[in-house]
Amino acid sequence: GVYIGDCTSTTVAGNFIGTDASGSSAVGNGTGVVILSTPGNNSTGNVIGGTTVGARNVISGNFDGVALLGGGTTGNFVEGNFIGTAADGTSAEPNGGRGVFVTQGAHDNLIGGLTPGTANVIAFNGDDGVLIGRNSNDPVGFEAGPGNAVLGNSIFSNGKIGIDLGPDDG
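Keep in mind that what you see is a predicted model, and the values were worked out from it rather than measured.

Q: Please give an account of the overall build of the chain that cites residues and values.
A: When you go through the chain residue by residue, the secondary structure sums to zero helices and 18 strands. Compactness check: the chain gives a C-alpha radius of gyration of 14 Å against a globular reference of 15 Å for 170 residues, within 12% of the reference. With respect to the three principal axes, the spread of C-alpha positions in the chain is 40 × 35 × 30 Å. For the chain, contacts bridging at least 24 residues in sequence account for 82% of all contacts bridging at least 6. Accessible surface, the chain: about 6900 Å² in total, of which carbon and sulfur atoms supply 55%. Taken together, the 4 basic and 14 acidic charged side chains of the chain have centroids lying 2 Å from each other.

Right, dumping it as structure tokens:
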């Protein structure tokens, strides 16, 4: 997939990530797109997708679609993408795990939005559509930070729930 580590203002737009060039057959990656900050560093202001059809990514056929990881991962945008669908935006081409995963202190990131073109389609993924928190087998302290927003998206037909705010393990 695509790895953005300790970077600022990177844009990933107009790609087929985890599918063939037609966007209708999985070839897969572990995670389609990873934005990661390591301790003492930041990954901020990065944009996955965009508000035009040409900027849209198809992020499907991977294990997880998009992962935002680390306490310095802040102020990033995941917008206008098809996550878990084929290039037509309606046929299933699922990621095996989550569509979008926000954890390990990542905070103040925006998934979707309320302005035209910012909504993602997040569908058919094998696990949650969006998980903001931690896996139930991760230790306490791996939770997402505050201020992550999920707005205006079309989230449906995922294996678990649409938006999960963490494990139910107390």
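After presenting the structure, the write-up continues.
Q: Which residues make up the nonpolar core, and what values go with them?
A: Ranked by internal contacts, the top residues of the largest apolar core, which has 19 residues, are Ile-48, Ile-59, Val-66, Ile-83, Val-100, Val-102 and Ile-111. Secondary structure elements with two or more residues in this core: β4 (31–36), β8 (64–69), β12 (100–103) and β15 (130–132). In this view, Val-102 contacts Leu-68, Ile-111, Leu-131, Ile-132, Gly-133, Ala-144 and Asn-148; residues no more than four positions away in its chain are not counted.

Q: So what's going on with the sheet that holds strand β2 (residues 11–12)? Which residues, and what values?
A: One open sheet holds the five strands; their spatial order is β2-β6-β10-β13-β16, and the pairing between them is parallel. Every other strand in the sheet has two partners, leaving β2 and β16 (149–151) as the edge strands with one partner each.

Q: Please give an account of the side chain of Ser-43 that cites residues and values.
A: With respect to the element layout, Ser-43 can be found in strand β5 (residues 43–44). At 2.7 Å, the side chain of Ser-43 and the backbone oxygen of Leu-36 are in polar contact. If we skip the residues at most four places from it in the chain, Ser-43 touches Ile-4, Gly-5, Asp-6, Cys-7, Ile-35, Leu-36, Ser-37, Gly-72, Thr-73, Thr-74 and Asn-76.

Q: Outline the environment of Gly-133, supporting the account with residue identities and numerical values.
A: Inspection of the secondary structure assignment puts Gly-133 in the loop between β15 and β16. Each C-alpha atom, one on Gly-133 and one on Gly-105, is 8.6 Å from the other, the two residues being 28 residues apart in sequence. Once residues lying within four places of it in the same chain are set aside, the contact partners of Gly-133 are Phe-101, Val-102, Thr-103, Gln-104, Phe-142, Glu-143, Ala-144 and Gly-166.

Q: Give a detailed account of the packing of aromatic side chains, specifying residues and quantitative values.
A: On inspection of all chains with the given rule, the structure shows one aromatic pair. A ring pair is formed by Phe-124 and Phe-156, whose centres lie 5.5 Å apart and whose planes are at 80 degrees; its orientation type is edge-to-face. On the criterion of sequence distance, the pair formed by Phe-124 in the loop between β14 (121–123) and β15 and Phe-156 in strand β17 (residues 154–156) is long-range, its members being 32 residues apart. Residue classification places Phe-124 among the partly exposed positions, given a relative accessible area of 22%. Overall, the relative accessible area of 32% leaves Phe-156 in the partly exposed class. Across from the ring centre of Phe-101, 3.7 Å away, lies the NZ or CZ of Arg-98, which sits over that ring.

Q: I'd like a rundown of the sheet that holds strand β3 (residues 16–17), residues and numbers included.
A: Spatially, five strands are ordered β3-β7-β11-β14-β17 in an open sheet, and the strand pairing comes out parallel. Two strands lie at the open edges of the sheet, namely β3 and β17, each paired on one side alone. As judged from the two bridges shared by β3 and strand β7 (residues 58–59), these two strands associate in the parallel manner. If you follow Phe-16 over to β7, its bridge partner there is Val-58.

Q: Describe the side chain of Thr-85, with residues and values.
A: Inspection of the secondary structure assignment puts Thr-85 in the loop between β11 (82–83) and β12. Residues in contact with Thr-85, not counting those within four places in the same chain, are Val-58, Ser-60, Thr-90, Ser-91, Glu-93, Val-121, Ala-123 and Phe-124.

Q: Account for the environment of Ala-106, naming residues and giving values.
A: Looking at where Ala-106 falls in the secondary structure, it is placed in the loop between β12 and β13 (110–112). Residue classification places Ala-106 among the buried positions, given a relative accessible area of 0%. Sequence separation between Ala-106 and Asn-62 is 44 residues, and the spatial gap between their C-alpha atoms is 21 Å. Excluding residues that lie within four positions of it along the chain, Ala-106 makes contacts with Leu-68, Leu-69, Gly-70, Gly-71, Thr-73, Ala-144, Gly-145 and Asn-148.

The rules behind the values
- Residues numbered from 1 in each chain as written.
- Predicted model: local features only at pLDDT ≥ 70, side-chain atom pairs only at ≥ 80, totals over all residues.
- Heavy atoms only, no water.
- Helix = DSSP H or I, 4+ residues; strand = E, 2+ residues; numbered from the N terminus.
- Rg over C-alpha atoms; globule rule 2.2 N^0.38 Å.
- Contact = heavy atoms within 4.5 Å.
- Areas by Shrake-Rupley, 256 points an atom, 1.4 Å probe, with all protein chains shown as cover.
- Lys, Arg positive; Asp, Glu negative; His and termini not counted.
- Charge placed at Lys NZ, Arg CZ, Asp CG, Glu CD.
- Core = buried A, V, L, I, M, F, W, Y, C linked by side-chain atoms within 4.5 Å.
- Buried < 20%, exposed > 50% of the residue type's maximum accessible area, 1.4 Å probe, protein only.
- Pairing = 2+ DSSP bridges.
- Polar contact = N/O pair within 3.5 Å; in protein donor to acceptor, adjacent residues only side chain to side chain.
- Phe/Tyr/Trp six-rings, centres within 6.5 Å; stacked < 30°, edge-to-face > 60°.
- Lys NZ or Arg CZ within 6 Å of the ring centre and 35° of its normal.

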